[in-house]
Amino acid sequence: KNTDLMMKQSIWTSAISANIAAHYLKDGGLLTLTGAEPCLGGTHFMMGYGLSKAAVHQLTASLAQKGAGLPEGASVQCILPKTLDTPMNRKFMLMRISRRGHR
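Okay, so let's go over this structure. (Residues numbered from 1 in each chain as written. Predicted model: local features only at pLDDT ≥ 70, side-chain atom pairs only at ≥ 80, totals over all residues. Heavy atoms only, no water.)

**Things to note about the layout of surface pockets**
Volume-wise, the largest pocket comes out at about 770 Å³. For the largest pocket, the lining is made up of 24 residues, of which Met46, Tyr49, Met88, Asn89 and Phe92 are closest to its centre. Counting residues per element, the ones that place at least two in the lining of the largest pocket are α1 (2-24), α2 (47-63) and α3 (87-101). In terms of residues, the lining of the largest pocket owes the most to one element, α3, which gives seven residues. Among the residues making up the lining of the largest pocket, the classes are represented as twelve nonpolar, eight polar and four charged. If you add up the space inside the second largest pocket, you get close to 160 Å³. What lines the second largest pocket is simply Leu63, Ala64, Gln65, Lys66, Gly67, Ala68, Gly69, Leu70, Pro71, Glu72, Gly73 and Ala74. Classifying every residue of the lining of the second largest pocket by side-chain character gives six nonpolar, four polar and two charged. (1 Å grid on protein atoms, 1.4 Å probe; cavity = no way out; pocket = protein on both sides within 12 Å on 5 of 7 lines; lining within 4 Å. Points joined across faces, edges and corners; volume = space filled by probe spheres on them. Helix = DSSP H or I, 4+ residues; strand = E, 2+ residues; numbered from the N terminus. Nonpolar A, V, L, I, M, F, W, Y, C, P; charged D, E, K, R; others polar.)

**Remarks on the pairing of strand β2 (residues 75-79)**
With five bridges joining them, strand β1 (residues 30-34) and β2 adopt parallel strand pairing. By the bridge assignment, Leu30 is partnered in β2 with Ser75. Crossover connection from β1 via α2 to parallel β2: handedness right-handed. (Pairing = 2+ DSSP bridges. Right-handed = clockwise from strand over helix to strand, strands pointing away.)

Given below as structure tokens:
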């Protein structure tokens, strides 16, 4: 269930953004997608999240190649935040901290 949600939130929104950019981005424009720095390595503690963000990293690399469908001279970048302060992240971090105390 968690992996499906992560896929919808990360991969689908990035793929939709890329499709829109392919049709409407001006020549020389910039498409920015959101990856995640922790997902450059393994994410055993949040596999669904790691899987979905790794897919965004792959999508970015693929879109950067010539002939990928973006307008002439367009660029694509993937920002890699380490941690975003969101209610879900706060809840997840508290759960991880409380599990460590019960080992």
